[in-house]
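# Observations on the three-dimensional arrangement
Listed below, chain by chain, are the residues.
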Amino acid sequence: SDINKKLEKEITSSTGLLCKVLSKSALLDLYPDLKRESCILVKHLCKTFPHTIRMNEASLLNAIIGPPMPSSTSYLQQGKEVISKASMELMKNCVVRHRHAKSRSLALEVITSIMYC
(Lines give C-alpha, C1' and ligand atoms only; values in the text may rest on other atoms or scores of the structure.)
Protein backbone atom coordinates (compact mmCIF):
# COMPACT_ATOMS: atom_id res chain seq x y z
CA SER A 1 0.00 0.00 0.00
CA ASP A 2 0.97 3.67 -0.26
CA ILE A 3 1.45 3.95 3.51
CA ASN A 4 3.91 1.04 3.55
CA LYS A 5 5.87 2.49 0.62
CA LYS A 6 6.02 5.89 2.29
CA LEU A 7 7.13 4.35 5.59
CA GLU A 8 9.76 2.22 3.83
CA LYS A 9 11.09 5.31 2.04
CA GLU A 10 11.31 7.27 5.31
CA ILE A 11 13.08 4.41 7.10
CA THR A 12 15.56 4.03 4.24
CA SER A 13 16.22 7.76 4.29
CA SER A 14 16.71 7.81 8.07
CA THR A 15 18.99 4.79 8.17
CA GLY A 16 20.95 6.20 5.22
CA LEU A 17 21.47 9.41 7.18
CA LEU A 18 22.56 7.38 10.19
CA CYS A 19 25.11 5.54 8.03
CA LYS A 20 26.50 8.87 6.82
CA VAL A 21 26.84 10.19 10.37
CA LEU A 22 28.54 6.96 11.46
CA SER A 23 30.98 7.00 8.55
CA LYS A 24 31.84 10.71 8.74
CA SER A 25 32.16 11.12 12.50
CA ALA A 26 31.35 8.34 14.97
CA LEU A 27 33.54 5.63 13.41
CA LEU A 28 36.39 8.14 13.09
CA ASP A 29 36.10 9.53 16.61
CA LEU A 30 39.20 9.39 18.79
CA TYR A 31 37.24 7.89 21.71
CA PRO A 32 37.55 4.06 21.44
CA ASP A 33 34.25 3.26 23.16
CA LEU A 34 32.39 5.39 20.62
CA LYS A 35 34.13 3.56 17.76
CA ARG A 36 33.15 0.19 19.27
CA GLU A 37 29.52 1.19 19.91
CA SER A 38 29.33 2.50 16.35
CA CYS A 39 30.61 -0.85 15.07
CA ILE A 40 27.96 -2.66 17.09
CA LEU A 41 25.28 -0.36 15.66
CA VAL A 42 26.47 -1.04 12.11
CA LYS A 43 26.31 -4.79 12.80
CA HIS A 44 22.67 -4.42 13.91
CA LEU A 45 21.87 -2.27 10.88
CA CYS A 46 23.34 -5.01 8.66
CA LYS A 47 20.81 -7.47 10.04
CA THR A 48 17.85 -5.09 10.06
CA PHE A 49 18.42 -2.88 7.00
CA PRO A 50 20.82 -4.68 4.63
CA HIS A 51 19.60 -2.69 1.62
CA THR A 52 20.59 0.61 3.25
CA ILE A 53 23.97 -0.80 4.30
CA ARG A 54 24.63 -1.91 0.70
CA MET A 55 23.82 1.62 -0.49
CA ASN A 56 26.32 3.09 2.02
CA GLU A 57 28.93 0.34 2.16
CA ALA A 58 31.72 2.36 0.51
CA SER A 59 31.62 5.20 3.04
CA LEU A 60 31.25 2.79 5.98
CA LEU A 61 34.14 0.63 4.81
CA ASN A 62 36.31 3.72 4.23
CA ALA A 63 35.74 4.74 7.85
CA ILE A 64 36.48 1.23 9.12
CA ILE A 65 39.36 0.23 6.83
CA GLY A 66 40.65 3.56 5.57
CA PRO A 67 40.70 4.91 2.02
CA PRO A 68 41.86 2.73 -0.86
CA MET A 69 45.54 3.13 -1.64
CA PRO A 70 46.89 4.46 -3.92
CA SER A 71 44.04 6.47 -5.36
CA SER A 72 43.17 9.83 -6.76
CA THR A 73 43.89 11.21 -3.28
CA SER A 74 47.62 10.82 -3.93
CA TYR A 75 49.73 12.87 -6.27
CA LEU A 76 53.31 12.97 -7.46
CA GLN A 77 55.72 15.43 -5.95
CA GLN A 78 59.30 15.36 -7.18
CA GLY A 79 58.74 11.88 -8.57
CA LYS A 80 57.43 10.43 -5.26
CA GLU A 81 53.82 9.55 -4.48
CA VAL A 82 52.40 11.81 -1.78
CA ILE A 83 49.12 11.14 0.02
CA SER A 84 46.76 14.02 0.80
CA LYS A 85 46.31 15.18 4.39
CA ALA A 86 42.64 14.15 4.37
CA SER A 87 43.55 10.59 3.33
CA MET A 88 46.30 10.41 5.94
CA GLU A 89 43.81 11.52 8.61
CA LEU A 90 41.30 8.88 7.49
CA MET A 91 43.99 6.19 7.50
CA LYS A 92 45.14 7.22 10.96
CA ASN A 93 41.64 7.28 12.49
CA CYS A 94 40.10 4.21 10.86
CA VAL A 95 38.93 1.50 13.25
CA VAL A 96 41.14 -1.27 11.83
CA ARG A 97 44.26 0.72 12.76
CA HIS A 98 43.13 1.52 16.29
CA ARG A 99 45.61 0.64 19.03
CA HIS A 100 43.11 -1.44 21.02
CA ALA A 101 42.81 -5.05 19.88
CA LYS A 102 39.16 -5.05 21.00
CA SER A 103 38.39 -2.27 18.48
CA ARG A 104 40.31 -3.94 15.66
CA SER A 105 38.57 -7.27 16.30
CA LEU A 106 35.15 -5.63 16.28
CA ALA A 107 36.10 -3.82 13.07
CA LEU A 108 36.75 -7.17 11.38
CA GLU A 109 33.37 -8.46 12.56
CA VAL A 110 31.65 -5.39 11.09
CA ILE A 111 33.52 -5.74 7.79
CA THR A 112 32.27 -9.33 7.59
CA SER A 113 28.70 -8.23 8.37
CA ILE A 114 28.82 -5.55 5.68
CA MET A 115 30.23 -7.97 3.11
CA TYR A 116 27.40 -10.46 3.80
CA CYS A 117 24.66 -7.83 3.25
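Heads up: the structure comes first, above all this text.
Notes on the structure in this doc start here. The shown structure was predicted, so the numbers you read here are calculated from the model rather than taken from an experiment.

Ranked by size, the top nonpolar core spans 20 residues in total, and within it Leu22, Leu27, Val42, Ile53, Leu60, Ile64 and Ile114 carry the most contacts. When residues of this core are traced back to their parent elements, those giving at least two are helix H1 (2-24), helix H2 (32-48), helix H4 (57-65) and helix H6 (101-115). Sort the elements by how many residues they give to this core and H6 lands first, with five residues. Apart from the residues within four sequence positions on either side, Ile114 is in contact with Val42, Cys46, Ile53, Glu57, Leu60, Leu61 and Ile64.

Moving on, we get to the pattern of salt bridges. Here the structure, examined in full by the defined rule, presents two salt bridges. Two residues, Arg36 and Asp33, come together in a salt bridge whose shortest N-O distance is 2.6 Å. With Arg36 and Asp33 both in helix H2 and three residues apart, the pair spans about one turn of that helix. Residue classification places Arg36 among the buried residues on the basis of a relative accessible area of 13%. Its relative accessible area of 36% is what places Asp33 among the partly exposed residues. The salt bridge partner of Glu109 is Lys43, with a shortest N-O separation of 2.6 Å. Of this pair, Glu109 sits in helix H6 while Lys43 sits in helix H2; the two residues are 66 residues apart in sequence, bridging distant segments of the chain.

Per the counting criterion, the structure on display carries zero disulfides. Between Cys46, a cysteine without a disulfide, and Cys117, which holds the nearest cysteine sulfur, the sulfur-to-sulfur distance is 3.7 Å. For Cys46, a relative accessible area of 7% puts it in the buried group. Relative accessible area serves as the criterion here: at 21%, Cys117 is assigned to the partly exposed category.

Looking now at the environment of Asp29. Here Asp29 is to be found in the loop between H1 and H2. A relative accessible area of 28% places Asp29 in the partly exposed class. Linking Asp29 and Ala63, residues 34 residues apart in sequence, is a C-alpha distance of 10.0 Å. Beyond its immediate chain neighbours, meaning those up to four positions away, Asp29 contacts Leu34 and Lys35. At a separation of 2.8 Å, a polar atom in the side chain of Asp29 contacts the main-chain amide nitrogen of Tyr31.

Our focus in this paragraph is H4. Within H4 the residues assigned to the buried category are Leu60, Leu61, Ala63 and Ile64. Along H4, the residues classed as buried sweep out an arc of 160 degrees about the axis, all on the same side. Of the surrounding elements, those touching the buried residues of H4 are H1, H2, helix H3 (50-55) and H6. Residue Gly66 follows H4 closely and has a positive phi angle near 105 degrees.

Thresholds applied
Residues numbered from 1 in each chain as written. Predicted model: local features only at pLDDT ≥ 70, side-chain atom pairs only at ≥ 80, totals over all residues. Heavy atoms only, no water. Core = buried A, V, L, I, M, F, W, Y, C linked by side-chain atoms within 4.5 Å. Buried < 20%, exposed > 50% of the residue type's maximum accessible area, 1.4 Å probe, protein only. Helix = DSSP H or I, 4+ residues; strand = E, 2+ residues; numbered from the N terminus. Contact = heavy atoms within 4.5 Å. Salt bridge = Lys/Arg side-chain N within 4 Å of Asp/Glu carboxyl O. Disulfide = S-S within 2.5 Å. Polar contact = N/O pair within 3.5 Å; in protein donor to acceptor, adjacent residues only side chain to side chain. Arc of directions from axis to C-beta.

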